[in-house]
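Residue-level listing of the chains:
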Amino acid sequence: MTAPVASSAAPPSASTGSFFSKLEIDVRMLGMLAALAVIWIGFDILSGGFFLTPRNLWNLSVQTASIAVMSTGMVLIIVTRNIDLSVGAILGVVGMIIGVAQVQWLPAYLGLEHWLTAPLAVLLAVAIGGAIGLFQGWLIAYLAIPSFIVTLGGLLVWRGAAWWVTAGQTVAPMDTRFKALGGGVEGALGATATWAIAMLACGLIMVGLGLARRRRIRFGFPVRPVWADGVIGAVACIAVLVAAYIVNSYPLPVGSARRWAEANGIAWPEGGLLVPHGIALPVVIAIVVGILMTFLARRRRFGRYVFAIGGNPEAAELSGINTRWALMKVFGLMGVLCGISACISTARLNAATNAAGTLDELYVIASAVIGGTSLAGGVGTIAGAMLGALVMQSLQSGMVLLGVDTPLQNIVVGAVLVLAVWVDGLYRRRIK
């Protein structure tokens, strides 16, 4: 008998099929990008060219950050065949608590505008949000109460608790350092930092593509043609650089620019000075959260457990996965993300109000579903949910720009959600 000979052949290459199949790009993602382009161009035409301005796009990115952060957690919730209707209420109660902490509790011990106030408020928000999420997860996982009921009750309980904290009073203003988390002048990173972040992002994109290709070759998996990796890297880097150019094209108001010039010892010229906003801090936070959540979902054992539970809960439990503990952690993580979003939302408003987070659960769930997360469980992507958040916020921003009444805005959002679920069902039946 002839001994087997180790093969030194190169791994198979994904060189057959259509152009998009060679690039290995999700058709649904392309469809969402096309829909976003149609929405942007349509609103720009209807608004007389005001939608696609650096100012509006900068504000749109800041407005999307809070919803995008929570939508990353909602993906994992829905993947496990559950739902969380309380995210907006959790944001509201956490925002109210950290508002009171900055205005009343911490100044009593640290004084006003202490450098520790902002980090302590963020830690408090994350701790309270995580505790609420773990508690709700415990009710769902260990007491076997349906998530719909638990989180529906949570929506009412935490919304009422937010009112109870201050008897319905608005709390303001927030700590100056804390306000940077909401964007605005305090949270604008400027042109230099923005270009540095863009260059770093482009470098990470190319390194990531190279590492992914190397990993596929090492394990003998099919690899994309080299030109396909080049196209993907080039398109991604161009998108990053264009985004950096746009946010750097939006200058600070004259008063803020003058104060910036004085603080940096720059003489104010006769014709004024154009100081770019640059990327907003909440946008950076949302991007970092998205990257970390993607890594957690795709590269860590916890993420594999979550998708296994969503695909087949019984098989996951029989394989040795502690499904109840994993489910509890998923809701705890959702609570932590609500705490982060509460910081962004409260800082952006520079006030803690009882209306904060109202209807956010609708936008978060819609973002996840529009982004390709299946309500049947087991399927979903973090990037898709964040893109879905941008689509939802673009719809709302465009309608506000056109002066559409709030009731009609809600009608449109609800209709888009139903349409997205219907399209998702058609798509999944087709691929089966």
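For the structure itself, look to the data block above.
This write-up is about the structure you can find in this document.

Conventions we followed
All residue numbers refer to positions counted from 1 along the written sequence of the respective chain. Given that this is a predicted model, residues contribute local features only at a pLDDT of at least 70 and side-chain atom pairs are listed and counted only at 80 or more, while totals for whole chains, interfaces and linings are drawn from all residues. The side-chain numbers reported here are obtained from all heavy atoms of the structure, hydrogens and water having been left aside. Structural elements are reduced to axes, namely lines fitted to C-alpha atoms, with helices fitted over the stretch in contact, and the angle between N-to-C directions of any two is expressed from 0 to 180 degrees. The secondary structure listing takes helices from DSSP runs of H or I that are at least 4 residues long and strands from runs of E that are at least 2 residues long, numbered from the N terminus. Every angle not falling under 35 degrees, over 145, or within 65 to 115 is termed oblique; those three ranges are roughly parallel, roughly antiparallel and roughly perpendicular. Any two residues whose heavy atoms approach within 4.5 Å at even a single point are treated as in contact. Polar here means any residue other than Ala, Val, Leu, Ile, Met, Phe, Trp, Tyr, Cys and Pro, which are nonpolar, and Asp, Glu, Lys and Arg, which are charged; Gly is therefore polar. Accessible area is worked out with a 1.4 Å probe on protein chains only. A residue is then buried under 20% of its type maximum, exposed over 50%, and partly exposed in between. Joining through side-chain atoms within 4.5 Å is the link that ties buried Ala, Val, Leu, Ile, Met, Phe, Trp, Tyr and Cys residues into a set, and such a set is a nonpolar core. Salt bridges are counted wherever a side-chain nitrogen of Lys or Arg sits within 4 Å of a carboxyl oxygen of Asp or Glu.

### Brief notes about the packing of helix α11 (residues 281-299) against helix α12 (residues 301-311)
Close contact between α11 and α12 brings their axes to 5 Å; oriented N to C, the two are set at 70 degrees. For the element pair α11 / α12, the angle class is roughly perpendicular. Contacts between α11 and α12 pair Leu-296, Ala-297 and Arg-299 from the former with Arg-301, Phe-302, Gly-303, Arg-304 and Phe-307 from the latter. Tallied by class, the residues present in the contact of α11 with α12 amount to 4 nonpolar, 1 polar and 3 charged.

### Structural notes on unusual backbone geometry
Trans is the common state for peptide bonds, and a negative phi is the common state for residues other than glycine. Going from Ala-172 to Pro-173, the amide bond is cis rather than trans, its omega being -5 degrees. Its identity is not glycine, yet Arg-81 carries a phi of approximately 70 degrees, on the positive side. You can call Arg-81 partly exposed: its relative accessible area is 42%.

### Considering the nonpolar core
The biggest cluster of nonpolar side chains holds 83 residues, and the ones touching the most others in it are Met-70, Met-74, Val-93, Val-94, Phe-178 and Met-334. Looking at this core element by element, the count peaks at 13 residues for helix α3 (residues 54-79). Look past the residues within four positions of Met-74 in its chain and what remains in contact with it is Asp-84, Val-87, Met-334, Val-364, Ile-365 and Ala-368. Membership of the second largest hydrophobic core comes to 8 residues, among which are Val-62, Ala-188, Val-247 and Ala-280.

### Some details on the pattern of salt bridges
All told, the structure shown has 3 salt bridges when counted by the stated rule. Note that Lys-179 and Glu-186 form a salt bridge whose closest N and O atoms lie 3.6 Å from each other. Through salt bridges with shared partners, one network takes in Arg-213, Arg-224 and Asp-229.

The values are spatial; any link to function lies outside them.
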